[in-house]
Amino acid sequence: MLISNLIPKEMEDKVLNVLKQSSAPMKSGEIAEASGLDKKEVDKVIKKLKASEIIDSPKKCYYAIKNNYGNGTCYSIFRSCLL
């Protein structure tokens, strides 16, 4: 069974909303706390969103929405900026 079939859209939306509101890349535990989801569920959503190239990991264990997705937020390992 594909992972995309196992993850409800609402969970993806919660993770994406948290990342959109963040001014910097976040760890999965931080995303879980901010979204109210279980960390294991957030890890599954992150895996799917990375495979779909919606988010990336600018540094190890940190996640952010890619430059070309959604709100135009861009991230660097050393700084963050909002376009």
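Here the residue index of a chain counts from 1 through its sequence in written order. This being a predicted model, a pLDDT of at least 70 is required before a residue's local features are given, and a value of 80 or more before pairs of side-chain atoms are given or counted; all residues contribute to the totals for chains, interfaces and linings. Computation of side-chain values: all heavy atoms of the structure, hydrogens and water removed.

### Overview of the confidence of the model for the protein chain
The predictor's confidence in any single residue is recorded as pLDDT, a number from 0 to 100. Scored by pLDDT, the protein chain comes out at a mean of 82, with 73% of its residues at no less than 70. By the criteria applied, helices consist of DSSP H or I runs no shorter than four residues and strands consist of E runs no shorter than two, each listed in order from the N terminus. Across the protein chain, helix H3 (residues 28-35) holds the top mean pLDDT of 97, while strand E4 (residues 80-82) sits lowest at 41. Within the model, pLDDT remains below 50 along residues 75-83, and this stretch shows 19 contacts once partners closer than five positions in the same chain are excluded. Throughout, a contact is declared for two residues whenever any of their heavy atoms are within 4.5 Å.

### Let's talk about H3
By the burial criterion, the buried members of H3 are Ser28, Ile31, Ala32 and Ser35. Buried residues along H3 cover an arc of 100° about the axis, so they all sit on one side. Exposed residues on H3 whose side chains face more than 90 degrees from its buried face are Glu33 and Ala34. Buried residues along H3 sit against helix H2 (9-21) and helix H4 (39-51). Whether a residue is buried, partly exposed or exposed follows from its accessible area with a 1.4 Å probe, protein chains only, as a fraction of its type maximum: under 20%, in between, or over 50%, in that order. Working note: the arc is built from the helix axis to C-beta atom directions.

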